[in-house]
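A closer look at the structure
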Amino acid sequence: MLTQLLTYLVRIIKLQQQIILILVTQLTNIYMHSKVPRLEKPTYQRFNQFKADEKLPLLAANTDTKQLDYQQLLQEYFQQHQKPLKPVKRRKPFKYPEITCPHCGAPNEYLYSNGGGQTDLLLCKICACQFRADKTFSKELVLRCPYCRNKLAQVKQRVHFKVWRCQNLQCVYRQRAISRLPPSELEQYQTNPNQFKVRYRYREYDFNLKSVANESAIQPVVNLNRIQASPQVLGTIMTYYVNYGLSAAKTAAIMYDVHGVKISKQTILNYAQAIATNVRLFLDNYPYQLSSNFVGDETYLRVKGKWNYLFYFYDVDKKIILADYVTPKRTTESACIAIYQVLQKFPTIPADLRFTVDDNPIYRVARLYYAQHEGISFDLNIVKGLTNETEVAKQHRPAKQTIERLNRSLKANYRPMSGFKSARGSVTYVTLYSLCHNFLLRHQSLAYRVPVELPELEGLTRMPDKWLKLIEIAQEQLPTA
């Protein structure tokens, strides 16, 4: 009897364990696939759904076939058939006496005509070229595949770009891509080739970079002279809010509990927006002394319950933030705008400009965009994944790790806020953090020096005083009304 009871209890315990395991699995699936974004990163990444090749398409004349000489073709015909090629016998007068063959230059007596319609289809008897009589044959530039020189065909039309694709089945790029498929994917390709992108593709963008960049991160001007707090209160608030990463609510609490200043969290957010508006021009136009080691990356920000993206570009040696573009979409336009913020920091673009980035294809497409539309060339060091599969990744991974550290530092600061309630709030905080990082924070890798040392801040030991002086310097660069 006792043995049966123990066996029954063991079965109950095992059943409970199975139920608990099922519940934990379901809760995990709900958490991983929930539409509510987590603070660290989104659950789904779709940036790698398109690939970008390193080579630009060729710009060539729109001549699909090689130009021939009709006289040479007549001689070859005579040598082969031992008789000359006779002109076309016509029953009616030829309607186009001035037209010649666009392929070989044959005169009109060697051209066939179908004899009907306003746009007759003509055929050359010498080279068998078929063309329309109303077509103009002035040369135009077309896009060609850099691997097989075949004319690219437009396959998609989007708002800001067109997608071109090489249609040549014997293209070297296509054959190489198929040969690199693993056996399992090769079987899937043979049964359903439309699921694989093995052809050379190119995205031709037509957006105006400068107008798009100017429309981003613009905030209304706020007059700091109208605030009711004293300058010391303002500097202390910025120290807690930005340097120590306290939320607006905690900053308001500590201002009252420690300093006896009663202030609301919304007032703190208004002050932060006012300061960010005034210092943005100073942050963008300061004459930085830069090195030649730059790195770029994008990270996640939580804005209004949805994921936005922060594009950072960073001087690895000088520890200077060069670009901090916040956008709701991770697209090629976003990468171009972030790079545009970097290029504005140079009085002249260096000839050996190079960025270290991850394997996100938008950076490759951005490089092609600048080469084609702006005439600016730069190289990319691709650091992919967590292992050093190439010598480039092995050499430049330390640079990539520095910007990952920068991303973690920013997230450590804004994590107590549980995200931002508006896009303007995210841009405000990122601007203030970049300003603090470049001009106020001391870095261990720089022997505890500030990345950009301002002479006006020398002798100031208290951080609130440094904030006030930095705001004063930034306001001097604002355009006067």
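These notes cover the structure that comes with them.

Calculation rules
- Residues numbered from 1 in each chain as written.
- Predicted model: local features only at pLDDT ≥ 70, side-chain atom pairs only at ≥ 80, totals over all residues.
- Heavy atoms only, no water.
- Helix = DSSP H or I, 4+ residues; strand = E, 2+ residues; numbered from the N terminus.
- Buried < 20%, exposed > 50% of the residue type's maximum accessible area, 1.4 Å probe, protein only.
- Contact = heavy atoms within 4.5 Å.
- Areas by Shrake-Rupley, 256 points an atom, 1.4 Å probe, with all protein chains shown as cover.
- Salt bridge = Lys/Arg side-chain N within 4 Å of Asp/Glu carboxyl O.
- Core = buried A, V, L, I, M, F, W, Y, C linked by side-chain atoms within 4.5 Å.
- Polar contact = N/O pair within 3.5 Å; in protein donor to acceptor, adjacent residues only side chain to side chain.
- Pairing = 2+ DSSP bridges.
- Axes fitted to C-alpha atoms, helices over the stretch in contact; angles between N-to-C directions.
- Phe/Tyr/Trp six-rings, centres within 6.5 Å; stacked < 30°, edge-to-face > 60°.
- Lys NZ or Arg CZ within 6 Å of the ring centre and 35° of its normal.
- Parallel < 35°, antiparallel > 145°, perpendicular 65-115°, else oblique.
- Left-handed = near helix turned anticlockwise from the far one by under 90°.
- Nonpolar A, V, L, I, M, F, W, Y, C, P; charged D, E, K, R; others polar.

1. Structural notes on the overall build of the protein chain
Looking only at helices and strands, the protein chain features 13 helices and 13 strands. Sorting the 481 residues of the protein chain into buried and exposed places 42% on the buried side. A sequence separation of at least 24 residues applies to 62% of the contacts in the protein chain between residues at least 6 apart. As presented, the protein chain carries roughly 28,700 Å² of accessible surface, and 52% of it is formed by carbon and sulfur atoms.

2. Digging into the pattern of salt bridges
Counting across every chain of the model gives ten salt bridges. For the salt bridge of Asp284 with Arg280, the shortest nitrogen-to-oxygen distance reads 2.8 Å. In this pair, Asp284 and Arg280 are both assigned in helix α8 (residues 265–285), four residues apart and thus about one turn of the helix distant. Put simply, Asp297 and Lys400 hold a salt bridge, and the shortest N to O gap is 3.5 Å. Of the two residues, Asp297 is situated in strand β9 (residues 294–303) and Lys400 in helix α11 (residues 391–414); the sequence distance between them amounts to 103 residues. Several salt bridges converge on common partners, so that one network encompasses Arg280, Asp284 and Asp324.

3. Topic: the nonpolar core
If you look at soluble globular proteins, the nonpolar side chains tend to sit buried side by side. Counting residues in each nonpolar core, the largest one holds 88 residues, and the members touching the most others are Phe355, Phe439 and Trp467. Look past the residues within four positions of Phe439 in its chain and what remains in contact with it is Phe282, Leu283, Tyr286, Tyr288, Val450, Val452, Leu454, Leu457 and Leu470.

4. Quick look at the side chain of Asn243
In this fold, Asn243 is placed in helix α6 (residues 231–243). Within the local environment of Asn243, its side chain forms a polar contact with the side chain of Trp467, the two groups lying 2.8 Å apart. Non-local contacts of Asn243, meaning those with residues more than four positions away in its chain, are made with Met238, Asn413, Cys436, Leu441, Met463 and Trp467.

5. Observations regarding the sheet that holds strand β13 (residues 379–382)
Paired through their backbone hydrogen bonds, the strands of a sheet run either parallel or antiparallel. Read across the sheet, five strands follow the order β11-β10-β9-β12-β13 without closing on themselves; strand pairing throughout is mixed. Two strands close off the open sheet at either side, each with one partner strand: β11 (320–327) and β13. Sheet twist, expressed as the mean angle between neighbouring strand axes with direction ignored, is 30°. Where β9 meets strand β12 (residues 354–357), two bridges bridge the pair, whose relative direction is parallel. When the sheet's bridge partners are listed, Phe294 is paired in β12 with Phe355. The strands touched by helix α10 (residues 361–374) within the sheet are β9, β10 (306–315), β12 and β13, with β13 carrying the most contacts at an inclination of about 170°.

6. Points about the packing of aromatic side chains
Applying the stated criterion across every chain, the model contains 22 aromatic pairs. Ring centres 6.5 Å apart and planes at 45° place the aromatic pair Tyr240 and Tyr244 in the tilted group. Ring pairs connect the aromatic residues Phe294, Phe313, Phe346, Phe355, Tyr363, Tyr369, Tyr370 and Phe378, which therefore count as one cluster. Lying over the aromatic face of Phe94, Arg90 brings its terminal NZ or CZ to 4.1 Å of the ring centre.

7. What to know about the packing of helix α9 (residues 332–343) against α10
Packed helix pairs are characterised by how far apart their axes lie and by the angle those axes make with each other. Closest axis-to-axis distance for the α9/α10 pair is 9 Å, and the angle between their directions is 60°. If you check the angle between α9 and α10, you find them oblique. Our pair here, α9 against α10, has a crossing hand that is right-handed. Contact residues: Thr332, Ala335, Cys336, Ile339, Tyr340 and Leu343 in α9; Ile362, Tyr363, Val365, Ala366, Tyr369 and Tyr370 in α10. A per-class count over the contact of α9 with α10 returns eleven nonpolar, one polar and no charged.

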